[in-house]
Amino acid sequence: MKKQKLLILFLLFGFLSVSWGQSNIAGVVIDEEGIPLSGASVTIIGTATGAITDFDGGFNIKASVGDVLEVSYLGYNAEQITISDLSKLKITLTSNDEELDAVVVVGYGTQKKSDVTGAIGSLQSESFNKGVVANAGQLLQGKVAGVNVSNVTGEPGSGQDIVIRGVGSLRSGTTPLYVVDGFALDNSGNGVPTNPLNFINPQDIESIDVLKDASAAAIYGARAANGVIVITTKKGKKGRMQMNLTVSAGLSKIANKIDVFTADEFRQQVVAVGGELSDGGANTDWQDELTRTAVTKKTNFSLSGGTESSNYYASVGVDDIQGILRNNDLKRYSARVNATQKAFKDKLKIEFNVAATRTENVRPDATSIITDMLELNPTVPVYTNGLPTELGDRTNPIVTEKVYRDFTNNNRILANIAPSIEIFKGLTYRLNLGVDYSTANRDVQTMPLAEANVIEGFLNTYTNENKTTQVENTLTYNFASENHSLTALVGQSYQENFYTSKRWSYDSFPDNGIEPRYQIGIGNLTGDSASAVINELQSFFGRVNYAFANKYMLTATMRADGSSKFGSNNKYGYFPSVAAGWNISNESFMENGPFSNLKLRASWGQTGNQEIPSKITKASYGESGNDNDIYPLTEGVVNAADYPLGLVYSRTANPDIQWEVSTQTNIGLDFGILNNQLTGSVDYFNKVSENVLLEVVPADPIQPTTTYWTNIPNMEIKNNGVEVALDYQSDATRDFTFNIGGNFSLTKNKVENSPYQVLTTGAAQGSGQSGATINGYINNEPIGAFYMREFLGIDGEGFSIYRDINDDGAIDDRDRTIAGSALPDYLYAFYLNFNYKNFDLGLNFNGAGGNKIYNHTRMSSFNIGNIQGSANTTDQAVQYPNESPLNSNVASTRYLEDGDFLRLNNATLGYNLDPKKVGINDWVNAVRISLTGENLFVITKYTGFDPEVNTGSETGGIKTFGIDRYTYPKARTFLLSLNVSF
């Protein structure tokens, strides 16, 4: 108690001491032409003390010698002045439209935002999403118009679907190209079952730029058809060393439970449908029993600084994120060093970036556990006499949790060094050398346990290695005169990816208390496999940016990519683009008008897609024992079973396979009014993907292989739409300020000229359901169009009625119909940020609409047959009182639901503590305390755990969309954070 009193007295003393030794300081704020600036903000750094300049630019403020004043005014560079005496200050601010002069990172360089002619969405670290963020994709969700980021499950670090301006491919999915500090990441697997971007510590990221149109992305050519996401990590800044410590702790619980029957409801319903009730006398909520309050702990420390000739940034971080299912943990240990050194009068510059990460992931058998939490009899207790209750033909999930484990350990290093030298004024040569090296070890095991009816243990063990090396050479020439500016870039790039994978399977592990992964030697080897792939990409590229009088801009780009993935007749693809911009606000006729910024943009270009399986252009052979493939080479052999195996094609060569090509046109308008307090942009785009690659069945049955790879002639995937973004910033000189804004995008997707009735993207799974088409690519329909029977109700005998589409009197596959699409028609997001003195509140909402979700969980579990058999369901199973328990669950519109939603993604309440007021300003520069709520609520009609799902089964490697099958539930999280800067 005595210590607490002393602390309170100390804090009070710190607060009172602020006013000691202060005097009135007078000054005037003017612009470069000597004109007084009325309404400029003058504050003492580290305090809440401030003043606003009057009509003549004058101000008076109570301050002390040694205090640092920060003077700011919208549209001008902020200035910091250290008070050395009590004389009147004269402070000159230089004009700088921060909105227009903000730097945007483009491929192989940067541009001022005012000079950009392409469609680029930029996001700075202060605008990132907050909360338990495991990867860079989560930072972006809802922040950039036309970019749909959805977490496919609620598992920590789970995979994401990131779609930029619509889906435009069959085999290669939707994944954009990621470029981290100039290094283009390989999108192939690295042995990690969760998100491959988990290796980047989000707190190390300074900005994310999304290159959306072909003009912006064409510089990356063959890998840019799905868009490009450029990630820039933090760098040091000139000044004394800055140290930053962030510590966070959070609690997570299941955000939304499915409304299955309670124990009392279950007892009534089983009897009502004629089932035999097995009443255990309990009242068990299995969703509560099989989930937990998960704990998250995050610690990050960084230091940075710099001089005129060098800067540095270094960080270490430890993240420990628990999932809401037991035995589910994601741990990340990260370290990063970024440094820049200049020499020879700044003509030589060396940039160095290295990041090392170890990720440890433990995963449960989520599908099994979620099935149990929804279906298990709620009248049965979890434990009987201290032991897990026996559940007849089902294993108690408490026991299952002891048996199953999935461990993955991933070590990854991403490093690059980039020396550049100015050959002569304006001409710079840059060499970029980099390596991305990743190893992963994964063990999926089942422990032997008699009470789980597992007599012997099983183990699948995997090792994976992924190494990508990159060498790039570029020459950049910059020229500027009074009315002309020119930037020309030419370059060459070579990237090689080497990926290896090995797998071993074992069984017959004894119940000796030792995990199978630690005693492989005594297991029985039941199978093994190995593979290796080398892919190379050699590229030549160039870009010219020209501007006249800061009014008219022109950008032209060309890239030639040569890939080892393609055949000898089409090794190289060529990807041009051109764009123009007009800064209308800089025209003389716009003087004194309402627009502080008005720019018209237009672009056209082509990008490619090489994300296809390796080796598909090359012939491959295998052994066959079929009658037509064997021949008796040895005398006396009369039995076909004794003939030697024949050598046959498993894949035929196709040197004519070409790139998938995406052609995109974009027209955009950027604007700012009220001195750029209100800014925004509007874009219209049209994207057409051609030369679509697919593995198909030959029309002629007499072929050496059952399938072959080809470009589908004339088939096109079209995406067109509109994107709108708005942002309003209130007067920053007041105590209360606010910032509101948002974005909206409308995208129309269509497949045209497809020669196939349906290319399945999602198929049903489960007994009696496997293989039934749920959705796919259908001519003149959006991708992910649901193609199934239309459910009309239940007939008098208790069986399903479906619409007879072709009126032939029979219900079969010819009666399937289009019933909506898994792709949303529109996306939207909006944010509200409020600041009052040292307090701030930020709210971020996002949503989607116009899409459907197929509730596969409902089809498999929530049916009348289950409740009759004493398995739990929801009231959807008894919607029709006369339904027969023998009614089959056919893929139909009965299980198709609206996917529209609005989510409060995150909300953060923060307080910036003034170190001077508590007497610690000699050691601490800033202290911030914040409380963040994540996934606080969702407004939706969807009856599953969450409307943002995609857990269907891929068919033939074609990506699935909009299917919910026993999805890992999403969590609601509250995170308390402390940030201290030294």
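Time to look at the overall build of the protein chain. Tallying secondary structure elements over the protein chain gives ten helices and 53 strands in all. Buried positions account for 51% of the 982 residues belonging to the protein chain. If you sum the accessible surface of the protein chain, you get close to 43,600 Å²; carbon and sulfur atoms cover 55% of it. Across the protein chain, the centroid of the 78 positively charged side chains sits 7 Å from that of the 105 negatively charged ones.

Let us look at the sheet that holds strand β6 (residues 79-82). Pairing within the open sheet is antiparallel, and its four strands lie in the order β3-β2-β5-β6. With one partner strand each, in any of the chains shown, β3 (50-52) and β6 form the two edges of the open sheet. For this sheet, the mean inter-axis angle between neighbouring strands, taken without regard to orientation, is 20°. As judged from the four bridges shared by strand β5 (residues 68-72) and β6, these two strands associate in the antiparallel manner. Considered in β6, the bridge of Val 68 is made with Thr 82.

We now examine the side chain of Asp 946. When you line up the elements, Asp 946 lands in the loop between β51 (926-940) and β52 (963-964). Given a relative accessible area of 4%, Asp 946 falls into the buried group. Within polar-contact distance, the side chain of Asp 946 engages the side chain of Arg 903 at 2.8 Å. One polar contact links the side chain of Asp 946 to the main-chain amide nitrogen of Glu 948, over a distance of 2.9 Å. Contacts of Asp 946, omitting those with residues within four sequence positions, involve Arg 903, Val 938, Asp 964 and Lys 970.

The next thing to look at is helix α7 (residues 366-375). Side chains of residues three or four places apart in an α-helix project in the same direction, reflecting 3.6 residues per turn. Of all ten residues in α7, eight are buried; the element is thus mostly enclosed. Those residues of α7 that fall on the buried side of the exposure criterion are Ala 366, Ile 369, Ile 370, Thr 371, Asp 372, Met 373, Leu 374 and Glu 375. Elements that come into contact with the buried residues of α7 comprise α6 (286-289), α8 (397-403), α9 (856-861) and α10 (864-868).

To continue, consider the confidence of the model for the protein chain. Here the protein chain shows a mean pLDDT of 87. Residues at 70 or above account for 93%. For the stretch residues 1-20, pLDDT sits under 50, and the model shows 14 contacts to residues farther than four places along the chain or on other chains.

On to the side chain of Thr 761, then. Mapped onto the elements, Thr 761 comes out in strand β40 (residues 759-763). A distance of 3.3 Å separates a polar atom in the side chain of Thr 761 from the backbone nitrogen of Gly 776.

Next up on the list: the sheet that holds strand β1 (residues 23-30). Working definition: the strands of a sheet are paired by backbone hydrogen bonds and lie parallel or antiparallel to each other. Pairing within the open sheet is mixed, and its three strands lie in the order β4-β1-β7. Each end of this open sheet is capped by a strand with a single partner; those strands are β4 (58-63) and β7 (89-92). When strand polarity is set aside, the average angle formed by the axes of neighbouring strands in this sheet is 35°. Here six bridges tie β1 to β4, and the two strands are oriented antiparallel to one another.

As a further point, take the pairing of strand β28 (residues 524-548). Here strand β27 (residues 484-509) runs beside β28; their pairing, made up of 24 bridges, is antiparallel. Among the inter-strand pairings, Phe 498 is bridged to a residue of β28, identified as Ile 534. Here β28 pairs with strand β29 (residues 552-563) via twelve bridges, running antiparallel. Bridge pairing in β29 links Ala 547 to Met 553. Count of turn residues in the β28/β29 antiparallel hairpin: three residues, of which Ala 549 carries a positive phi of about 55°.

Rules and cut-offs
Each chain has its residues counted from 1, following the order in which its sequence is written. Per-residue local features of the predicted model are confined to residues with pLDDT of at least 70, and side-chain atom pairs are confined, for both listing and counting, to 80 or more; whole-chain, interface and lining totals are unaffected and use all residues. Water and hydrogen atoms play no part in the side-chain values, which are based on all heavy atoms of the structure. Strands are runs of DSSP state E lasting at least 2 residues, helices are runs of H or I lasting at least 4, and numbering of each runs from the N terminus. Under the scheme applied here, a residue whose accessible area is under 20% of the maximum for its type counts as buried, over 50% as exposed, and between as partly exposed, the area being computed with a 1.4 Å probe on protein chains only. Surface accessibility follows the Shrake-Rupley procedure with a 1.4 Å probe radius. Residue values consider only the protein chains on display as shielding. Neither His nor the chain ends is counted toward charge; the positive residues are Lys and Arg and the negative residues Asp and Glu. We put the charge of a Lys on NZ, of an Arg on CZ, of an Asp on CG and of a Glu on CD. One requirement defines pairing of two strands: DSSP has to find at least two bridges between them. Angular values range over 0 to 180 degrees, each being the angle between N-to-C directions of two axes fitted as lines to C-alpha atoms, with helices fitted over their stretch in contact. Nitrogen and oxygen atoms within 3.5 Å of one another constitute a polar contact, given that in protein one can donate a hydrogen and the other can accept it, and given that sequence-neighbouring residues count only through two side-chain atoms. Contact between two residues is taken to exist if any of their heavy atoms lie within 4.5 Å; hydrogens are not considered. What pLDDT conveys is the predictor's confidence in a given residue, as a value from 0 to 100.

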